[in-house]
Each structure stands twice: as C-alpha cells, then as structure tokens.
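Tertiary structure, described
Spelled out, the chains give:
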Amino acid sequence: MKIEDVVKSIIVMDDARKLVLNIMYTSNIVSDKFNEIMKPNDLSSEQYNVLRILRGQKGCPANMCLIQERMIAKNSNTTRLIDKLLFKSLVTREVCPDNRRKIEVQITQKGLDLLTQLDSSVTGNEQLFASNLSSEEQKQLNNLLEKYRTLNKY
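Here the structure is a predicted model, which means the values were calculated and not measured. (Residues numbered from 1 in each chain as written. Predicted model: local features only at pLDDT ≥ 70, side-chain atom pairs only at ≥ 80, totals over all residues. Heavy atoms only, no water.)

1. Some points on the overall build of the protein
- Assigned secondary structure in the protein consists of 7 helices and 3 strands.
- The globule rule puts the C-alpha radius of gyration for 154 residues at 15 Å, and the 19 Å found for the protein is more than 25% above it.
- Counting only residues that meet the buried cut, the protein has 25% of its 154 residues in that class.
- Taking as baseline every contact in the protein between residues at least 6 positions apart, the subset at least 24 positions apart corresponds to 49%. (Helix = DSSP H or I, 4+ residues; strand = E, 2+ residues; numbered from the N terminus. Rg over C-alpha atoms; globule rule 2.2 N^0.38 Å. Buried < 20%, exposed > 50% of the residue type's maximum accessible area, 1.4 Å probe, protein only. Contact = heavy atoms within 4.5 Å.)

2. Notes on a nonpolar patch on the surface
- A contiguous nonpolar surface patch, about 400 Å² in accessible area, is contributed by Y25, I29, V30, L128 and F129.
- For the nonpolar patch, the secondary-structure elements that each account for two or more residues are α2 (15-38) and α6 (109-130).
- Counting residues per element, the nonpolar patch draws most heavily on α2, which supplies 3 residues.
- Along the chain, L128 turns up in helix α6. (Patch = residues over 30% accessible without salt bridge, like charges linked within 9 Å, V, L, I, M, F, W, Y side chains within 5 Å. Areas by Shrake-Rupley, 256 points an atom, 1.4 Å probe, with all protein chains shown as cover. Salt bridge = Lys/Arg side-chain N within 4 Å of Asp/Glu carboxyl O.)

Now the structure itself:
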C-alpha cells in the first residue's frame, strides 16, 4: 500500500516527505510486532536491547557508558533500564573494585535463559519482514538506509 493511501493524503507529496513518512510508518509496524513478542515476558524493546548487549559481552561486565553507546535508542535512560532488569533478576550491578565511580553490569543466567527462549521468535519475526524481499533487495535496502542515515546526521 502506498504511503499516500495509508495517511489518506489528498495532496501530492514530494519524494523526500514520502520517504520520511514511509520510514516512520514502517518503523512503527516493525516496533509493534516486536513489542508483541516482548510483552508476554514483560520486556520493553530497550530492555531487550540491553540484555542482548550484555550477552554479547560473553561473561565480561559492561559499564553504563558502554551499554549506552551500543543502544539502538540513544535517548534511553540506561540507569532506569538497568534498575528494571535488576528488579527482574535478569542482570547484576556492582561497583567496580578498581574504580568506585564505575558501575559494572552483567547478565544473569535467568537473563541468558530468557534471551535463548526469545531467540527463535525474534529471528522468526525478522524473517517474516524480510520474506517480501530477495536477498539482493535486503542488501540494497540496508545499504540505502545506511546511506540515508549517514547523510542526515543531526
């Protein structure tokens, strides 16, 4: 469906506006479907992102700065996210023994088990959206989005 039909626009839009609307609309659809997967586990997409970052540390702790710089949503309140994950026993948080101003966060076995449980659903969701595109189109879309994003740094 064309974006003009989605937003029921009766005016002619230029390509730049259509592109922004298409990206925003598509982002909402992808986010909504992803949130459906997370909801039964009482996780937000940002909390899931933190758990994935911590799993990628392979048992090594991560400080708040490292987590924040790897977040997809850069405006996330990392401290609040860690607090919620701590409450759910999905992470641990300790003061660094070498630098008492530094907080180290690690994923717990419960957090790892939850990610393992979610892996197939998340992968299936990614494959569902990708199924409309050939492998070459997926590469092309990734390249175009990276190019678009790079040109429009704010």
